[in-house]
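If you want the building blocks of each chain, they are given just below.
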Amino acid sequence: MLIPSPLRFEKVSAKKVSDFIREQLEEAIILKELLSEEQLPTERELAEIFNASRITVREALSQLESKGLIEKRVGAKGGTFVLPVTANSHKRTRAEIAQDWEHMLKVFEYRMIVEPEAAYLAAARITADELDLLQHYLDQSIEADCTREWFRALDVKFHLAIAKASGNPLCEAAVRQIRTQINPALDLMPYDNQIRTVNYDVHTEILSALRARDAEKSREIMRHHIGHSADAIYARLVAKG
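Computed from a predicted structure; not experimentally measured.

Draft legend 1. How the structure looks around the nonpolar core. Leu-134, Ile-162, Leu-210, Ile-233 and Leu-237 are the most contacted members of the largest nonpolar core, which totals 46 residues. Broken down by secondary-structure element, the contributors of at least two residues to this core are α5 (101-125), α6 (128-141), α7 (148-165), α8 (169-186), α9 (193-211) and α10 (215-239). Core analysis: the next-biggest nonpolar cluster, separate from the first, contains 16 residues, Ala-28, Ile-29, Leu-46 and Ala-52 among them.

In structure tokens form, the structure reads like this:
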């Protein structure tokens, strides 16, 4: 009698080098590590960075350009520049988000496990410099001239900084993965003074709990914040559709 094996293997799939390059650059753009209007290194420099041919780099850049994430400009000040992700969010429609909502629910479920626990750990391990950095992000987010794109960037930076402060690099890697998947949906959300104020208030609560070294409260506020975010995305992008 043949006993089913508990092992589960995936079939090998050939992946082009250009896809690896494109994925890394796309992640950096989605996570706002490469900011709007920032100029990318030249094709030659990118080829050296990734240890790849210029043709391979060019193919990766072409894919990013077709997604509306970068733009090639000619002239004396030409080059390849990052475009505002929020300005091109129309390329990812509400229909796409709604169609993939089952997967998005799993991402939020995963986020509900990871980020509150990262905040719990951070409450005991966060340094004074890291607390100051979080306050710096908060201060910038509430400034009157804070643009939509920079507001989204600061939101990502705030959450990634807490994950890093957990002292567990696996938590940080998990939050990066999560934000890469949910940011396109967040970039479709509205932006106004009320949104900024609500976000500022809850982030202030999280920071206050971290300053107080209150691990339980840090975890609970983060859990509530994430749940509210998931509900807001559903109400705005899925239910209305």
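From this point on, the discussion continues.
Draft legend 2. Inspection of the packing of α6 against α9 at higher detail. In contact at an axis separation of 10 Å, α6 and α9 are set at 165° when each is read in the N-to-C sense. By the criterion of interaxial angle, the relationship of α6 to α9 is roughly antiparallel. The handedness of the crossing between α6 and α9 comes out as left-handed. Here α6 contributes Leu-131, Leu-134, Gln-135, Leu-138 and Ser-141 to the contact with α9, which in turn contributes Arg-196, Tyr-200, His-203, Thr-204, Leu-207, Leu-210 and Arg-211. By residue class, the composition of the contact of α6 with α9 is six nonpolar, four polar and two charged.

Draft legend 3. Just unusual backbone geometry, in detail. Unlike most non-glycine residues, Glu-37 shows phi in positive territory, near 75°. Position of Glu-37 relative to the elements: it lies in the loop between α1 (17-30) and α2 (43-50). For Glu-37, a relative accessible area of 42% gives the class partly exposed. The phi dihedral of Arg-213 is positive, around 60°, even though this residue is not glycine. Structurally, Arg-213 can be placed in the loop between α9 and α10.

Draft legend 4. The arrangement of the pairing of strand β1 (residues 70-73) in detail. Pairing between β1 and strand β2 (residues 79-82): four bridges, direction antiparallel. When the sheet's bridge partners are listed, Lys-72 is paired in β2 with Thr-80. The antiparallel hairpin formed by β1 and β2 contains five residues in its connecting segment, where Gly-75 sits at a positive phi of about 110°.

Draft legend 5. Region of the structure containing the pattern of salt bridges. Tallying each qualifying case throughout the model produces 17 salt bridges. One salt bridge in this structure joins Glu-27 and Arg-176, with 2.6 Å as the shortest N-O distance. Taken together, the residues span a long stretch of sequence, with Glu-27 in helix α1 and Arg-176 in helix α8 at a distance of 149 residues. Two residues, Glu-43 and Arg-58, come together in a salt bridge whose shortest N-O distance is 3.0 Å. Residue Glu-43 is located in helix α2, and its partner Arg-58 is located in helix α3 (residues 54-66); the two are separated by 15 residues in the primary sequence. Judged by relative accessible area, Glu-43 falls into the buried class, the value being 18%. Three or more residues joined by partner-sharing salt bridges are found here, namely Asp-19, Arg-22, Glu-26 and Lys-67.

Draft legend 6. Representation of the packing of aromatic side chains within the structure. Tallied over the full model, the rule gives two aromatic pairs. Ring centres 5.5 Å apart and planes at 45° place the aromatic pair Trp-101 and Tyr-234 in the tilted group. One end of the pair, Trp-101, is in helix α5; the other, Tyr-234, is in helix α10, and 133 residues separate them in sequence. Arg-73 extends its terminal NZ or CZ atom over the ring of Phe-81, reaching a point 4.5 Å from the ring centre.

Draft legend 7. Structural view of α6. In this model α6 runs 20 Å from its N-terminal to its C-terminal C-alpha over 14 residues, within 8% of the 20 Å that 1.5 Å per residue would give. Among all positions in α6, only Leu-131, Leu-134, Tyr-137, Leu-138, Gln-140 and Ser-141 are buried. Structurally, α6 contributes buried residues whose contacts are with α7 and α9.

Draft legend 8. The arrangement of the environment of Pro-184 in detail. For Pro-184, the position within the fold is in helix α8. Residue class for Pro-184 comes out buried when judged on its relative accessible area of 18%. Put simply, Pro-184 and Ile-30 are 154 residues apart on the chain and 7.5 Å apart in space, counted from C-alpha to C-alpha.

Calculation notes
- By convention here, each chain's residues receive numbers from 1 onward along its written sequence.
- Per-residue local features are limited, in this predicted model, to residues with pLDDT of at least 70; the limit for side-chain atom pairs, both in listing and counting, is 80 or more; totals at the level of whole chains, interfaces and linings are taken over all residues.
- Water and hydrogen atoms were dropped before computing side-chain values, which therefore reflect all heavy atoms in the structure.
- Definition used in this section: a nonpolar core is a set of buried Ala, Val, Leu, Ile, Met, Phe, Trp, Tyr and Cys residues joined via side-chain atoms within 4.5 Å.
- Burial status follows relative accessibility: with a 1.4 Å probe on protein chains alone, a residue under 20% of its type maximum counts as buried, one over 50% as exposed, and anything between as partly exposed.
- Numbering of helices and strands runs from the N terminus, with a helix taken as a DSSP run of H or I at least four residues long and a strand as a DSSP run of E at least two residues long.
- Where helices are involved, their axes are fitted lines through C-alpha atoms of the stretch in contact, as for all axes, and angles between N-to-C directions lie from 0 to 180°.
- Any angle from 65 to 115 degrees is called roughly perpendicular, while one under 35 is roughly parallel, one over 145 is roughly antiparallel, and all others are oblique.
- Whether a crossing is left-handed or right-handed is set by the direction in which the near helix is turned from the far one by less than a right angle, anticlockwise for left-handed and clockwise for right-handed.
- Throughout, a residue-residue contact means that at least one pair of heavy atoms, one from each residue, lies within 4.5 Å.
- When residues are sorted by character, Ala, Val, Leu, Ile, Met, Phe, Trp, Tyr, Cys and Pro go into the nonpolar class, Asp, Glu, Lys and Arg into the charged class, and all the rest, Gly among them, into the polar class.
- Strands pair, by our definition, only if DSSP identifies at least two bridges between them.
- Counted as salt bridges are all cases of a side-chain nitrogen of Lys or Arg within 4 Å of a carboxyl oxygen of Asp or Glu.
- Centres within 6.5 Å are what make two rings of Phe, Tyr or Trp a pair, Trp counting through its six-membered ring; a difference in plane orientation under 30 degrees is then read as stacked, over 60 as edge-to-face, and the rest as tilted.
- Cation placement over rings: the criterion is NZ of Lys or CZ of Arg within 6 Å of the ring centroid and within 35° of the ring normal.
- To estimate the expected span of a helix, count its residues, drop one, and scale the result by 1.5 Å.

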